[in-house]
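Listed below are the residues making up each chain.
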Amino acid sequence: MVMRYTLPLPLCLALALAAPAEEKKPAEPKFTAEQLDFFEREGAGLMRAEGCDLLHSFSGIREDLTKLFYGNYFLELVNEMTAEREEGREVYELLLSFLSGLDEKEPEEEIVRVFEIRMLSLYGYRPHMKSCSLCKKDWDDLRNSPTVFFSFEKGVLVCEGCSKNSGPLIPLSLGTARLIERISQMEISKIHRFKFTVQALQESRALLPRFIMHQLGKQLKSLKMLQGASRGTGREAGG
Ligand SMILES: [Zn+2]
């Protein structure tokens, strides 16, 4: 149930999540941010971590199963989207900020969606929501046709008039398109506790995980676990 991650992060900063050695033992996820000193033997290709200073310890996440599901998804998303040894100061700060929020507050689906939007933005996959990618009609032009579509293959908005022969599309309202655009631009200190309407939650849940899955070429294990956990509690969080 607990997964192990070795995150390729800069400045020898890494978030570690330790898995239990044996299945029978209770899981002991660490959920700590540690400063690791990496060294690399010439020609060996592998980096080894030596020495470790504890920077943060997220005990609130470790003690709550639902929070663990959320945190696992954040970690797996970062792990999958970040290339080995990629410069990643911004993503590290994003992750730290979201884990700190999760550590302190009750988990809500909004934080998963906001994290997804910010991760997409950081990696250059920000959904283009401001106008139809084909006819260029903007939100103002489209205000009388509130249902638009998102092409998860291209990462762009498509209006109803252009929706035929545009490949697989996910319907959404203009309101949700605006919300996703706003979150992708917002200062990070303001995006925690961002409230979605029920409709925006449903639409972004149908859209964002699918778009990410298309970008990565696979479904994330932790997302499935998060979906299972959310169904169990009556709260949706996956896709
Ligand atoms: Zn159009």
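The rules behind the values
Residues numbered from 1 in each chain as written. Predicted model: local features only at pLDDT ≥ 70, side-chain atom pairs only at ≥ 80, totals over all residues. Helix = DSSP H or I, 4+ residues; strand = E, 2+ residues; numbered from the N terminus. Expected span 1.5 Å × (residues − 1). Buried ≥ 20, exposed ≤ 12 C-beta atoms within 10 Å, placed from the backbone. Contact = placed C-beta atoms within 7 Å. Core = buried A, V, L, I, M, F, W, Y, C linked by C-beta atoms within 7 Å. Domains from an automatic or database assignment. pLDDT = per-residue confidence, 0-100. Pairing = 2+ DSSP bridges. Axes fitted to C-alpha atoms, helices over the stretch in contact; angles between N-to-C directions. Parallel < 35°, antiparallel > 145°, perpendicular 65-115°, else oblique. Nonpolar A, V, L, I, M, F, W, Y, C, P; charged D, E, K, R; others polar. Arc of directions from axis to C-beta.

Explain helix H2 (residues 65-81) here, please?
Given 3.6 residues per helical turn, the α-helix brings residues three or four places apart onto the same face. Taking 1.5 Å as the rise per residue, H2 with 17 residues should run 24 Å; its terminal C-alpha atoms sit 24 Å apart, in good agreement. Restricting attention to buried positions, one finds in H2 the residues Lys-67, Leu-68, Phe-69, Tyr-70, Gly-71, Asn-72, Tyr-73, Phe-74, Leu-75, Leu-77 and Val-78.

Which parts of the structure should I look at to understand the environment of Ser-145?
With respect to the element layout, Ser-145 can be found in the loop between strand S5 (128-132) and strand S6 (147-151). C-alpha of Ser-145 to C-alpha of Leu-174: the two residues are 29 residues apart in sequence and 8.5 Å apart in space. When neighbours within four sequence positions are excluded, Ser-145 is seen to be in contact with Cys-159 and Glu-160.

Whenever I open this one, the nonpolar core confuses me. Can you help?
Of all hydrophobic cores here, the largest spans 50 residues; its most connected members are Tyr-73, Phe-74, Leu-95, Phe-98 and Val-148. Here this core gets eight residues from one element, more than from any other, and that element is H2. When residues are assigned to domains, this core turns out to be shared by domain 1 (1-84) and domain 2 (108-239), each giving three or more. Among residues more than four places away in sequence, those in contact with Phe-98 are Phe-74, Ile-111 and Phe-115.

How should I be thinking about unusual backbone geometry in this particular structure?
Excluding glycine, a negative phi dihedral is what most residues carry, and trans is how most peptide bonds are arranged. Look at Lys-136: it is not a glycine, yet its phi comes out positive at around 70°. Along the polypeptide, Lys-136 turns up in the loop between S5 and S6. On the neighbour-count criterion, Lys-136 (11 C-beta atoms within 10 Å) is exposed. A positive phi angle, close to 60°, is found at Asn-165, a residue other than glycine. Take Asn-165: it is sitting in the loop between strand S7 (156-158) and strand S8 (170-173).

I keep staring at the confidence of the model for the protein and nothing clicks. Help me out?
Should the pLDDT be low somewhere, the predicted coordinates at that spot are not to be read in detail. On average, residues of the protein score 79 in pLDDT, and 71% of them reach the 70 mark or higher. Per-residue pLDDT, averaged within each element of the protein, yields its smallest value for strand S2 (residues 13-17) (43) and its largest for S7 (97). Contacts for the low-pLDDT stretch residues 1-29, under 50 throughout, to residues beyond four places or in other chains number 63 contacts.

What is the right way to read the sheet that holds S5 from this model?
Within a sheet, each strand pairs with its neighbour through backbone hydrogen bonds, oriented either parallel or antiparallel. Overall, mixed pairing links the four strands, which are arranged S5-S7-S6-S8 in an open sheet. Of all the strands in the sheet, just S5 and S8 have a single pairing partner and so form its edges. This sheet shows a mean twist of 40° between the axes of neighbouring strands, independent of strand direction. Of the strands in this sheet, S5, S6, S7 and S8 touch helix H5 (residues 174-185), which is tilted by about 85° from S8. The sheet contacts of helix H6 (residues 198-216) involve S6 and S8, and relative to S8 the element is tilted by about 145°.

Whenever I open this one, the packing of helix H3 (residues 89-104) against helix H4 (residues 109-122) confuses me. Can you help?
A packed helix pair is summarised by two numbers, namely the angle formed by the two axes and the spacing between the axes. Interhelical geometry of H3 versus H4 gives an angle of 175° and a closest axis separation of 11 Å. The angle between H3 and H4 places the two elements in the roughly antiparallel class. Residues Glu-90, Val-91, Leu-94, Phe-98, Gly-101 and Leu-102 of H3 form the contact with H4, whose own contacting residues are Ile-111, Phe-115, Arg-118 and Leu-122. When the residues that make up the contact of H3 with H4 are grouped by side-chain class, the tally is seven nonpolar, one polar and two charged.

In this structure, what is going on with H5? I would like to understand it.
Helix length check: H5 (12 residues) gives 17 Å between terminal C-alpha atoms against 16 Å at 1.5 Å per residue, within 8%. For H5, every residue scored as buried is listed here: Thr-176, Ala-177, Leu-179, Ile-180 and Ile-183. The buried side chains of H5 occupy one side of the element, clustering within an arc of 160° when seen end-on.

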